[in-house]
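Overview (structure and organization)
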Amino acid sequence: MDEVIKIESMFDGRSHHGSYRQHLWHRWRWWLVLRRFVCIALVVIGGIYAVKTYGRGDKRANFITTSFILLGSVGYMRPMIWQMWNERKLRKHPAYDTKITYTFSAEEVIMDGVSGKAVVPWCALSEVVETKLGMLLYQNKKDYLWIPAYDFKDGQMGEIVRLHESTV
């Protein structure tokens with residue numbers, strides 16, 4: 001590929017809402033599925049236990065029932081809470097609410113915006129992942145850049161993934 005791919009993207013709440021969920025799903029898919037089943041099971045067991053022991057005045061049974069339902073509920077909501085924290089962290093970034101221009105070439109990725117310009121060689125990106133909602137550019141297992149799918153033309157995300165694979 002001799003030509004460069006240029007993408008202009010807004011770095012704001014609208015474009016990044018849900019990006020953390022995509023990251024979690026890509027990195028921890030089976031753990032999330034297992035956690036979902038465990039949390040639902042805890043709530044159901046707590047509910048069944050509550051129905052069986054309701055009105056008997058047994059403090060231990062009430063504690064166990066409440067604990068199961070609470071653990072299941074909080075465990076189920078935990079990824080949502082992490083997503084809220086992630087979005088709060090993004091709002092503190094100096095480039096938030098600005099337009100960033102990404103230029104993908106055979107040698108590097110150039111990110112240019114109001115807060116500065118960064119030239120990143122492909123070898124600095126550990127993984128590039130195409131999802132239905134956008135693209136994840138991983139610097140390491142936890143840190144990623146997100147570009148929403150609506151900023152790309154048809155086929156550009158696939159080209160960028162192939163470009164990363166061919167250079168690494």
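What this report covers is the structure whose coordinates are included nearby.

The rules behind the values
Residues numbered from 1 in each chain as written. Predicted model: local features only at pLDDT ≥ 70, side-chain atom pairs only at ≥ 80, totals over all residues. Heavy atoms only, no water. Core = buried A, V, L, I, M, F, W, Y, C linked by side-chain atoms within 4.5 Å. Buried < 20%, exposed > 50% of the residue type's maximum accessible area, 1.4 Å probe, protein only. Helix = DSSP H or I, 4+ residues; strand = E, 2+ residues; numbered from the N terminus. Contact = heavy atoms within 4.5 Å. Salt bridge = Lys/Arg side-chain N within 4 Å of Asp/Glu carboxyl O. Phe/Tyr/Trp six-rings, centres within 6.5 Å; stacked < 30°, edge-to-face > 60°. Lys NZ or Arg CZ within 6 Å of the ring centre and 35° of its normal.

Across soluble globular proteins, nonpolar side chains have a tendency to be buried as a group. The biggest cluster of nonpolar side chains holds 23 residues, and the ones touching the most others in it are Phe104, Trp122, Val128, Met135 and Ile160. Of all the secondary structure elements, the ones that give two or more residues to this core are strand S1 (5-11), strand S2 (98-104), strand S3 (108-113), strand S6 (134-138) and helix H4 (156-167). Element by element, the count of residues in this core is highest for H4, at four residues. When near neighbours in sequence (up to four residues on either side) are disregarded, Met135 contacts Val128, Val129, Leu145, Trp146, Ile147, Phe152, Met157, Ile160 and Val161. Core analysis: the next-biggest nonpolar cluster, separate from the first, contains eight residues, Leu24, Leu32, Val129 and Tyr138 among them.

This paragraph deals with the pattern of salt bridges. Under the criterion given, the structure shown has two salt bridges. The salt bridge partner of Lys99 is Glu8, with a shortest N-O separation of 3.9 Å. Separated by 91 residues along the polypeptide, Lys99 in strand S2 and Glu8 in strand S1 bring together distant segments of the chain. The exposure class assigned to Lys99 is partly exposed, which follows from its relative accessible area of 44%. For the salt bridge of Glu127 with Arg27, the shortest nitrogen-to-oxygen distance reads 2.8 Å.

Overall, the coordinates contain four aromatic pairs when judged by the stated rule. Ring geometry for Phe11 and Tyr96: centres 5.8 Å apart, planes at 75 degrees, overall edge-to-face. Of the two residues, Phe11 is situated in strand S1 and Tyr96 in the loop between helix H3 (59-91) and S2; the sequence distance between them amounts to 85 residues. The buried category is assigned to Phe11, whose relative accessible area is 9%. Ring geometry for Phe104 against Trp122: centres 6.1 Å apart, planes inclined by 25 degrees, an arrangement best described as stacked. Placement of the pair is Phe104 in strand S2 and Trp122 in the loop between strand S4 (116-121) and strand S5 (127-130), with a sequence separation of 18 residues. The pair Phe104 / Trp122 is uniform in exposure class, with both members buried. Here the aromatic residues Tyr102, Phe104 and Trp122 are joined through ring pairs into a cluster of three or more. Looking at Arg14, its charged tip hangs above the ring of Tyr150, at a distance of 4.8 Å from the centre. Geometry around Tyr138 places Arg27 over its ring, the cationic atom sitting 4.2 Å from the centre.

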